[in-house]
Every structure is written in structure tokens, then in C-alpha cells.
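# Chains, contacts and geometry: an overview
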Amino acid sequence: MSDIIGICDKYEQIDNRIKVIHKENEGVSIARNIGIDLAKGKYIWFVDSDDRIVPNIIGELLDKADNSKLDVLGFCFKIEEESGELRAYNIRAEEEGVILNGKDFICKVDMPHGPWAAILRRQYLIEKGLNFIEGIIHEDIDYTMRTYCLADRIMFISKVAYYYFQRGGGTMKSSQSPRRASDFLTVSDSLYNFAKVNLVPDTPSYARLIDEVNFAFSQSFGYTQHFLNTVYKGVFLLSYTY
């Protein structure tokens, strides 16, 4: 870890565009929110530390986003396995290379929940108050849906710009727990309240948001059931052994 910090500090001294923040690890949401607050550039790209971007792709993405005056530009990515194998992730898209409003976009493009699959105009995020819910996991589901939905100008292009590293024991693959059930419920509540305030019932965009609400709620229920089954099985075994 000290080597990584040293490398970051070195590049900060070399390039004044780089800003290094030394902070105790309090979770990815807090780190990203700090990044939104302190960033100086026009667009933001959330890149996870174990992932990588396609070389020389940033200029191409920025030109597309800037020339089209976009709030959000979404793109394709590939999944990188621990073996080094790369495989494509297919994003269902009815529209490609077309500027849409957010409500139409979430119905026509099935973007992944990862916020790294798009670059986002910083001023748009600030004006809409788009921050990550802090202190939970699965925050990406809530954040990406709200961010895409509120955009006035958003586009998807079928250009691979990102390599997502999929490890066997990462945050999203770790053991099931009561916390997961609680956090999924937080996400479900947040998206439901967002839909009630920002969308019109009986419209395609409202139905799309409710699909995500139902997904998060079903995941919460599934993790709760798994936990209870594990606990009661343990109680039964203890009683039987005794």
C-alpha cells in the first residue's frame, strides 16, 4: 500500500492535473462523493482501482460528450477474468449514438449498474444533487438509475472503453449477510421515493424504475431468507447435538 501511495504522490508532483487525497477508508461512496466535490474537470469518470480503461480512449469520449453537449455518455465494456481472459458484456440498446432524455434512455438502453460505464458532466451532478448514498453497499443501483433518469441529454455508444476486472471474492461476490438485506432495502426505498417525486405513474419510465425497486426488494428478501435459514439451521444443529 505504501508503494501505491508513493506512486500517486509522485505523479501529483509531476502533473498538476492530478490531485491525491489521503483519507481513511470509509467506503467507496464517501470517496466518490469527495471526488465530485473536489474535481476541477468538466466530466467525471468513476474508475475502480482494480479495473483499467482502454488506452487513449479519454479524448475520444470527451470529444463525443462535449460536441453533443451531453450530461451523460454511456459506453460498452469488457469483463476481465482473473485468468486474463476478456469477454464482451452485451448491453441491450434500442438507440445508439442518439441523444435522448433520461426518461426515454432508461427504457431504451439497459445499462449496467456500475457507474464506471459512463462519463458524467460534473456540473450536472452538482445541479441535481446527485451523490452516492453513504455507508451501504449496492449503492450503484440507486445512483446510476437516478443519474441516467434525470439527464436532459444522454447518449449510448457501442464503443468499448472499459475493462471491468471480475475477481472471485470481491465486494459483490462476498458472503451473504443481514447487511446486504438491509442495504438492498435502503436502495429499494430510495428508488421508490425518487420515482414518486420525479416520474409520472403509468408511464414507461415509471414502470422501469419500479422494476429496479422490485429487483432491490427481491434481493433484500432473498438475503434475509438465506440468513434466517442459516441461523435456524444452526439452532437446529445445536439443539440436536445437545
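## Considering the packing of aromatic side chains
Here the structure, examined in full by the defined rule, presents 11 aromatic pairs. Measuring from centroid to centroid gives 6.1 Å for W45 and Y162, while their planes differ by 45°, and the two rings are tilted. Placement of W45 in the loop between β1 (43–44) and β2 (52–53) and of Y162 in strand β6 (residues 154–166) is noted, with a sequence separation of 117 residues between them. The exposure class assigned to Y162 is buried, which follows from its relative accessible area of 0%. Measuring from centroid to centroid gives 4.8 Å for W116 and Y164, while their planes differ by 20°, and the two rings are stacked. Here W116 is found in the loop between α4 (102–108) and β5 (118–121), whereas its partner Y164 is found in strand β6, with 48 residues between them in sequence. Note on W116: relative accessible area 6%, which makes it buried. Within the aromatic cluster, the residues linked to one another by ring pairs are W45, F75, F77, Y89, W116, Y162 and Y164.

## Some words on the environment of G222
Its location among the elements puts G222 in helix α8 (residues 204–241). Note on G222: relative accessible area 30%, which makes it partly exposed. For the pair G222 and A181, spaced 41 residues apart in sequence, the C-alpha to C-alpha distance is 7.6 Å.

## Quick word on the confidence of the model for the protein
Summary statistics for the protein give a mean pLDDT of 90 and a share of 88% for residues scoring 70 or more. In the predicted structure, residues 231–242 sits below a pLDDT of 50 and forms 0 contacts with residues beyond four places in sequence or in another chain.

## What about the nonpolar core?
Core analysis: the biggest nonpolar cluster contains 59 residues, and W45, L61 and L209 have the highest contact counts within it. For this core, the element with the most residues is β6, which contributes 7 residues. Leave out the neighbours within four places in its chain, and W45 touches I53, I57, I58, L61, F75, W116, A118, I119, A161 and Y162.

## Brief notes about the pattern of salt bridges
Under the criterion given, the structure shown has 16 salt bridges. For the salt bridge of R32 with D140, the shortest nitrogen-to-oxygen distance reads 2.7 Å. Within this pair, whereas R32 is found in helix α2 (residues 28–38), its partner D140 is found in helix α6 (residues 139–150), the two being separated by 108 residues in sequence. A salt bridge links E81 to R87, with the nearest nitrogen and oxygen atoms 2.6 Å apart. Accessibility expressed as a relative area gives 34% for R87, which makes it partly exposed. Each member of the salt-bridge network shares a partner with another, and the members are R32, D48, E139 and D140.

## Notes on α6
Across its 12 residues, α6 extends 17 Å between first and last C-alpha, which sits within 8% of the 16 Å expected from 1.5 Å per residue. Extensive coverage of α6 is indicated by the burial of 12 of its 12 residues. Where α6 is concerned, the buried positions are E139, D140, I141, D142, Y143, T144, M145, R146, T147, Y148, C149 and L150.

## Overview of the packing of α6 against helix α7 (residues 178–198)
Running from N to C, α6 and α7 point in directions that differ by 15°, and their axes come no closer than 9 Å. For the element pair α6 / α7, the angle class is roughly parallel. Handedness of the crossing formed by α6 with α7: right-handed. Within the contact between the two elements, α6 uses I141, D142, M145, R146, C149 and L150 and α7 uses F184, V187, S190, L191, F194 and N198. A per-class count over the contact of α6 with α7 returns 8 nonpolar, 2 polar and 2 charged.

## A word on unusual backbone geometry
Positioned with a positive phi, K69 is a non-glycine residue whose angle comes to about 55°. Structurally, K69 is set in the loop between α3 (58–67) and β3 (72–81). Take K69: its relative accessible area is 62%, and that puts it in the exposed class. Even without being a glycine, D202 presents a positive backbone phi close to 65°. In this fold, D202 is placed in the loop between α7 and α8.

What counts as what
Residues numbered from 1 in each chain as written. Predicted model: local features only at pLDDT ≥ 70, side-chain atom pairs only at ≥ 80, totals over all residues. Heavy atoms only, no water. Phe/Tyr/Trp six-rings, centres within 6.5 Å; stacked < 30°, edge-to-face > 60°. Helix = DSSP H or I, 4+ residues; strand = E, 2+ residues; numbered from the N terminus. Buried < 20%, exposed > 50% of the residue type's maximum accessible area, 1.4 Å probe, protein only. pLDDT = per-residue confidence, 0-100. Contact = heavy atoms within 4.5 Å. Core = buried A, V, L, I, M, F, W, Y, C linked by side-chain atoms within 4.5 Å. Salt bridge = Lys/Arg side-chain N within 4 Å of Asp/Glu carboxyl O. Expected span 1.5 Å × (residues − 1). Axes fitted to C-alpha atoms, helices over the stretch in contact; angles between N-to-C directions. Parallel < 35°, antiparallel > 145°, perpendicular 65-115°, else oblique. Left-handed = near helix turned anticlockwise from the far one by under 90°. Nonpolar A, V, L, I, M, F, W, Y, C, P; charged D, E, K, R; others polar.

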